[in-house]
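Residue-level structure breakdown
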Amino acid sequence: MNKRFFITTAIDYVNGQPHLGHAYEKVVTDVIARSRRSLGQEVFFLTGLDEHGQKVQQAAQAEGKSPQAYCDQLAADWQAFAKKLELTNDDFVRTTQPRHKEIVQAGLARVFQAGQIYRQTYEGFYSTREETFLTDKDRRPDGTFDPSYGEVIKLQEENYFFKLTEQQPWLIDYLEKNPSFVQPDYRRNEVLGFLKNNKLEDLCISRPAARLNWGIPLPFDKDYVTYVWFDALVNYISIPAAHGDAAVLSALKNSQPSTLNSQPALWPADVHVIGKDIVKFHAVYWPIMLKAMGLPLPKQILVHGWWQKDSAKISKSTGNIVDPVAVIDEWGLDAFRFYVLRELDIGPDGNWTDAGFKARYSAELANGLGNLVNRSLSMLKRYRNGVVPAKHDELANAAAKAAGETRACLQQNRLQAALHSVWGLITRANQYVDQTAPFKLAKDPAQAKRLDEVLYNLAETCRVLAVLLWPFLPGTAGKIYAQLGLTGAPDKLDAAGWGGLTAGHKIGEPAPLFPRKDDR
Ligand code: ME8
C-alpha cells in the first residue's frame, strides 16, 4: 500500500472565532497539500479542533450550555471557515469524537504499561487561568508571577506524570542527526539550545476529574482526565487509526496486519505545520510520546511565525484584529491567500497593514496578473476571433524557467519563493506586451504573422500561469483555464510544459480577474 503524503495543521482551541493567525496556518498547509497533489503525490490533509479543557468548560458554563453543546455550535463556525478558505482537507478532527478519545486512551494505556507514567503528589503554585503548574523559575525578577497567569494559588494534588527526563539524550542526538526534523533551521537550533541547557521536567498529564471533568478519562484511573497535550497531539495518530492506518493500529490496538491492508498508509506524518508558540510541545514532548507508544517520529515540524497588525499584537480586547471573513467578502479569497503567502515566508513574524494589502492587490494582482490575462485574451478575441494561432516559442524559455523554479520550490515547501518566480514570468510577459505592441501590429496587415506569434506566446503563458498558480490561487487559476476555453482544472504541474494550447483551439470569454478598487 502506498504511503500518502500526510500533512497536518495545529488543531485550534474552540474558545472563540477564527482569526488571521489561524487562517494563515490553514492556508499555508492547504497550499502545501495542493502543491503535492499537483506534483502527483497522494495526499492526506488533516485539520480540526481542540475541544477539551478548563477554558471550554468555563466558557460553556458562562453561556449556560453543556460543554458539548458549546463545542458543537463553535465547531460549525470553524468548519464553515475551512470551507470559506477552500481548504482541501481530507478530514476534520474534533477531539470530542469517540474515534479520537479511543486512541488517546489506547496510547495512554500503552505508555502506562511501559512504565513511563507514574503518580506523584505535587505541591506548588498553580495558575487557574492558565491551568498550569508554576515553579519559582516562572517568577519575574521582582518575585511576582506575570499577571497573565491570573490568580496563583498554592496547591497540593496527586497527579500522573510522564517521564521525560531520561529521554533527553536521544532526543538531542536525533535533532542533531536530522537537521530537517524542525524547520526553519533557527527553530531547530532553539529547540537544541533549550534541550542542551535545561533539564526536562517530567510532564504532568492529568487533572483530577473532580476539578476538571471536560477531558478524556485516564484508562487506568477514572478519577482523572488527561490534560491538554496528551489529548491534542494524539489527533495526529487517532485520525490515521480511524482511517485504518496499519502502523498506528498495530502499535496501539495490536491489530493483525492481515486485517489492515485495504487503507492507505498515513503515519508517520510528512509535515506538521504549527506556529512558533507550540514548538516545544511538538519537537520535545511529541517525539517522546511517540517513542513511548512504539511509533516512528513525524518527518518534519514546519514552524511559521506570528502575525501582528500595524506592528501590534493581534488582540480582540484592544480591537486590533483582522477579520479574515470580512477581507475575503470584500476582496475575494484569492486576494487574501495571495497577500498572506506573498507577504510572509514560513518562519519569521509578519505584519498585516491594510495599506500593504491594498498595494499588493493593486500592483501584483490587478495590474500584474489580472491585466496580463485580460489584455492577452481580449486581444486574441478581438484580433483572431478567439482562435489560437500556430505554436510559437518566444516566451517558452521564460515559462520553462518559472515552471522549473516553481517545481523546485514546491518540493521544498518554499511558497513565497515560488510566488517570486511566478511573478517573474508575469512581469516578463507584461513587458513583452509593451515591447511587441500587438495593438500596433493589428493595424498593419503585413504584420499578421508577427501578431499571431505574439498572441500565441501570451495565451500560452496565461495557460502555464494557471497551472503554476493553482496551489496558491485555485479560484483564479480555474478562471484563467475557463477563460482559455479549457476544461478540467489546472491541477497537475506536469501540464506546465510549453505548447499545451494547440492551433485552432477556441478560447472562452475574457473577464477581469481582479476588479480594480477605487482607493478612497
Ligand atoms: O495552540 N499568527 O491552539 P490555538 C500566526 N490547540 N499564527 C497564530 C497566531 C498569530 N497571531 N495566533 C495563533 C493551540 N496562531 C492548540 C494546538 S496542536 C496539537 C494543539 C497559531 O488555537 C498557533 O501558533 O491557540 C497555532 O499553531 C494555531 O494558530 C492554533 O492556536
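In case you missed it, the structure is sitting above this.
Residues numbered from 1 in each chain as written. Predicted model: local features only at pLDDT ≥ 70, side-chain atom pairs only at ≥ 80, totals over all residues. Heavy atoms only, no water.

1. A short note on the sheet that holds strand β12 (residues 221–226)
Hydrogen bonds along the backbone pair up the strands of a sheet, which may run parallel or antiparallel. Overall, antiparallel pairing links the three strands, which are arranged β10-β12-β11 in an open sheet. For this open sheet the edge positions go to β10 (206–208) and β11 (217–218), each flanked by a neighbour on one side alone. Alignment of β10 against β12, held across three bridges, turns out to be antiparallel. Across the sheet, the residue bridging to S206 is T226, located in β12. (Pairing = 2+ DSSP bridges. Helix = DSSP H or I, 4+ residues; strand = E, 2+ residues; numbered from the N terminus.)

2. Digging into the side chain of T29
Within the secondary structure, T29 sits in helix α1 (residues 20–38). With near-sequence residues (within four places) excluded, T29 lies in contact with I7, T8, T9, F45 and V273. (Contact = heavy atoms within 4.5 Å.)

3. So, the environment of G350
Position of G350 among the secondary structure elements: in strand β17 (residues 350–352). Residue classification places G350 among the buried residues on the basis of a relative accessible area of 9%. Between the C-alpha atoms of G350 and K401, which are 51 residues apart in sequence, the distance is 29 Å. Excluding residues that lie within four positions of it along the chain, G350 makes contacts with W306, W307, Q308 and L344. (Buried < 20%, exposed > 50% of the residue type's maximum accessible area, 1.4 Å probe, protein only.)

4. A word on the sheet that holds strand β16 (residues 312–313)
Here we have three strands laid out as an open sheet, ordered β16-β15-β17, and mixed in their pairing. Either end of the sheet is taken by a strand with one partner, and the two such strands are β16 and β17. Pairing analysis gives three bridges linking strand β15 (residues 307–309) to β17, with the strands arranged parallel. By the bridge assignment, Q308 is partnered in β17 with N351.

5. Here we look at helix α17 (residues 448–469)
Between its first and last C-alpha, α17 extends 31 Å over 22 residues, near the 32 Å set by a 1.5 Å rise per residue. The buried fraction of α17 amounts to 18 of the 22 residues, a majority that puts the element mostly inside the structure. (Expected span 1.5 Å × (residues − 1).)

6. Quick look at unusual backbone geometry
Residues Q183 and P184 are joined by a peptide bond in cis, for which omega reads -5 degrees. Summarising the element assignment, P184 is placed in the loop between β8 (182–183) and α6 (185–197). Cis peptide bonds are those with omega within 30 degrees of zero, and the linkage from W267 to P268 qualifies with 5 degrees. By the element assignment, P268 lies in the loop between α9 (246–252) and β13 (271–275). Phi is positive for E86, close to 55 degrees, though the residue is something other than glycine. Of note in the backbone geometry, A437 takes a positive phi value of approximately 45 degrees without being a glycine. Position of A437 among the secondary structure elements: in the loop between α15 (415–436) and α16 (438–441). Its relative accessible area of 8% is what places A437 among the buried residues.

7. So, the pattern of salt bridges
Per the counting criterion, the structure on display carries 37 salt bridges. We note a salt bridge from K84 to D329, for which the minimum N-O separation is 2.6 Å. In this pair, K84 sits in helix α3 (residues 67–84) while D329 sits in helix α11 (residues 324–331), placing the two residues 245 residues apart along the sequence. Here K381 ties to E509 by a salt bridge, and the two come within 2.9 Å at their closest N and O atoms. Here K381, found in helix α13 (residues 354–384), pairs with E509, found in the segment after α18 (474–483); they are 128 residues apart in sequence, far enough to count as distant. Judged by relative accessible area, which is 56%, E509 ranks as exposed. (Salt bridge = Lys/Arg side-chain N within 4 Å of Asp/Glu carboxyl O.)

8. Topic: the site of the ligand
Close contacts around the ligand come from 23 residues, with I11, E25, D50, G275 and D277 the closest. Between I11 and the ligand, the recorded distance is 2.7 Å, taken from a backbone N or O atom to a nitrogen atom. At 3.1 Å, a side-chain N or O of W306 approaches an oxygen atom of the ligand. For the ligand, whose free accessible area comes to 670 Å², the fraction covered by protein is 94%. Contributing elements (two or more residues each) for the shell around the ligand: β2 (12–13), α1, α7 (229–232), α8 (235–242) and β13. Considering each element in turn, the shell around the ligand owes the most residues, three residues, to α1. Of the residues contributing to the shell around the ligand, the split by class is eleven nonpolar, eight polar and four charged. (Near = heavy atom within 4 Å. Polar contact = N/O pair within 3.5 Å; in protein donor to acceptor, adjacent residues only side chain to side chain. Areas by Shrake-Rupley, 256 points an atom, 1.4 Å probe, with all protein chains shown as cover. Nonpolar A, V, L, I, M, F, W, Y, C, P; charged D, E, K, R; others polar.)

Honestly, that's just the spatial picture; any functional story needs more than this.
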